[in-house]
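Each chain, letter by letter, is given below.
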Amino acid sequence: MKIVFTGGGSMGHVSVNLALIPRFCAMDWEIHYIGSKSGIEKDVVTKIPGVSYHEIETGKLRRYFDVKNVTDVFRVVKGMAQARTLLKKIRPDVVFSKGGFVSFPVVFASKGLKIPSILHESDLTIGLANKLSLPFCSLLLTTFEDTQKHIQSIKTQFVGGIVREEVLGGNKERGRNFLRFERDKPILLVMGGSLGARSVNQALRDNLVKITELFNVAHICGGGNTDESIESEKYRQFDYLNEELPDVLAACDMVLSRAGANAIFEFLALNKPMLLVPLPKSSSRGDQIFNAQYFQRKGYAIMLEDEKINSENLFDKLLEVYMNGERMSEKMRGQKELGSISQIVEIILDSKL
């Protein structure tokens, strides 16, 4: 059997694929990945043994006016032709798409070749690439049950949040040893995504003395965002963490983060109280705002708007999460939002029959 994965542009459009690929490797499927020439998906997927990576042209599908919208149309059309040629050559049994700009040409081409395609949407509101792909797919899998209200399609199935298995295997003691904190304070993990979060980083550092009176802080800043002038035994900063991240997650007591769906469902699975600072609409389509509002309504998190963040209200909100942490963790332990990788594997297997 053969499967083609596609999706890219950010780790959010790759992570579920990365969780699924080992399952299909174990079943001896022939695995292909169609991605862009320079996206993050190429850096990650080309390192996985047994996966054939194929490049196509892709253009950014912008919601705003930009002269590049004109030139990128031709890149998308070229990508559609390349995707069709690749799919005719590979002849997969099914296509699984995680979204992102590179995915639309692949899903579109699969429809013309009568290859079943399954989309996956992590956010509460559907992204533009998935919205364009929806008429050509066999099924859309949703992380949030409420997503169906936003798209009103019969081709949807709620599967819940998917969490990478390695994230659940962290060791608290290894995490504490890695961070080398005194065990006198709770550990606050600060994450801003792969590129970091400038507003969060700045507000945190502007009030670091006061914040570290209450917490030991492990700060994943994003590439190139560490500040070597800061010296504190209560503060550790990293560009990023890979192998160590599951252990650090196990060791931390609460999290300050952006509100990307993949990340916050990992925190949910680990019962970590959250302060979420979603990307503003000026930098996104507003999907993180909807995600954070949903988690706040459920009692899993407290939300602080990016436009309102400063050093003082950041401390106040962190204190509020800390004081309500046990109640939030209890609500998370009773949640029904998490799905399983096995469920998605079964859906993919059924689609090829």
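This text follows the structure it describes.
Residues numbered from 1 in each chain as written. Predicted model: local features only at pLDDT ≥ 70, side-chain atom pairs only at ≥ 80, totals over all residues. Heavy atoms only, no water.

Student: Sorry, what's going on with a nonpolar patch on the surface here?
Tutor: Together, V73, F74 and V77 make up a nonpolar patch on the protein surface, roughly 320 Å² of accessible area in all. By secondary structure assignment, the location of V77 is in helix α3 (residues 68-90). On the accessibility criterion, V77 (48% relative accessible area) is partly exposed. (Patch = residues over 30% accessible without salt bridge, like charges linked within 9 Å, V, L, I, M, F, W, Y side chains within 5 Å. Areas by Shrake-Rupley, 256 points an atom, 1.4 Å probe, with all protein chains shown as cover. Salt bridge = Lys/Arg side-chain N within 4 Å of Asp/Glu carboxyl O. Helix = DSSP H or I, 4+ residues; strand = E, 2+ residues; numbered from the N terminus. Buried < 20%, exposed > 50% of the residue type's maximum accessible area, 1.4 Å probe, protein only.)

Student: Help me understand helix α7 (residues 172-179) in this model?
Tutor: An α-helix turns once every 3.6 residues. As a result, residues three or four positions apart point the same way. For α7, the set of buried residues is G175, R176 and L179. Taken down its axis, α7 places every buried residue within 100° of arc, on the same side. For α7, the elements touching its buried residues are β8 (187-191), β9 (216-220), β10 (235-238) and α10 (245-251). A positive backbone phi angle near 60° is found at R180, which sits one or two residues after α7. (Arc of directions from axis to C-beta. Contact = heavy atoms within 4.5 Å.)

Student: I'm lost on the sheet that holds strand β12 (residues 274-276) in this one. Help?
Tutor: Within a sheet, adjacent strands bond to each other through the backbone by hydrogen bonds, running parallel or antiparallel. With respect to topology, 6 strands assemble into an open sheet ordered β10-β9-β8-β11-β12-β13, the strand pairing being parallel. A strand with exactly one partner marks an edge of an open sheet, and here the two such strands are β10 and β13 (301-303). Taking each pair of neighbouring strands and ignoring which way they run, the sheet shows an average axis angle of 15°. Judged from the 3 bridges that link them, strand β11 (residues 254-257) and β12 form a sheet pairing that is parallel. Bridge pairing links L256 to L275 in β12. Contacts from α7 reach β8, β9 and β10, with the element oriented near 95° to β10. Contacting β12 and β13, helix α12 (residues 287-298) crosses the sheet at an angle of about 130° to β13. (Pairing = 2+ DSSP bridges. Axes fitted to C-alpha atoms, helices over the stretch in contact; angles between N-to-C directions.)

Student: I keep staring at the pattern of salt bridges and nothing clicks. Help me out?
Tutor: Under the definition given, this model contains 16 salt bridges. Two residues, K37 and E57, come together in a salt bridge whose shortest N-O distance is 2.9 Å. Of this pair, K37 sits in the loop between β2 (30-35) and α2 (40-45) while E57 is found in the loop between β3 (51-55) and α3, placing the two residues 20 residues apart along the sequence. Using a relative accessible area of 41% as the deciding quantity, one classes K37 as partly exposed.

Student: I would appreciate a short explanation of the packing of aromatic side chains in the present structure.
Tutor: Aromatic ring pairs are defined here through the distance separating the ring centres and the angle between the ring planes. Counted according to the given criterion, the structure contains 14 aromatic pairs. Their ring planes at 75° and their centres at 4.9 Å tell us that F108 and F136 sit as a pair that is edge-to-face. Taken as a pair, F108 in helix α4 (residues 103-112) and F136 in the loop between α5 (128-133) and β6 (139-142) lie far apart in primary sequence, 28 residues in all. Residue F108 is classed as partly exposed on the basis of its relative accessible area of 32%. On the basis of relative accessibility, which here comes to 25%, the residue F136 falls in the partly exposed class. Ring centres of F144 and Y294 lie 5.0 Å apart, and the angle between their planes is 85°; on these two criteria the pair is classed as edge-to-face. (Phe/Tyr/Trp six-rings, centres within 6.5 Å; stacked < 30°, edge-to-face > 60°.)

Student: How should helix α1 (residues 15-26) be read in this particular structure?
Tutor: Looking at α1, one finds that the buried residues are S15, V16, N17, A19, L20, I21 and F24. D28, located one to two residues past α1, shows a positive phi value of around 60°.

Student: What is the right way to look at the packing of α1 against helix α15 (residues 341-351) in this model?
Tutor: A pair of packed helices is captured by two measures, namely the crossing angle of their axes and the spacing between those axes. Two numbers describe how α1 lies on α15: the axes approach to 10 Å, and their chain directions differ by 65°. By crossing handedness, the relation of α1 to α15 is classed as right-handed. Across the interface between the two elements, A19, L20, R23 and F24 of α1 pack against I341, S342, I344, V345, I348 and L349 of α15. (Left-handed = near helix turned anticlockwise from the far one by under 90°.)

Student: Please explain the pairing of β9 as it appears in this structure.
Tutor: In the case of a regular strand, side chains alternate between the two sheet surfaces. With 5 of 5 residues buried, β9 is to be regarded as a mostly interior element. Where burial is concerned, the two faces of β9 agree: the one with N216, A218 and I220 and the one with V217 and H219 are both buried. Here β8 runs beside β9; their pairing, made up of 5 bridges, is parallel. The residue of β9 that forms the bridge with M191 is I220.

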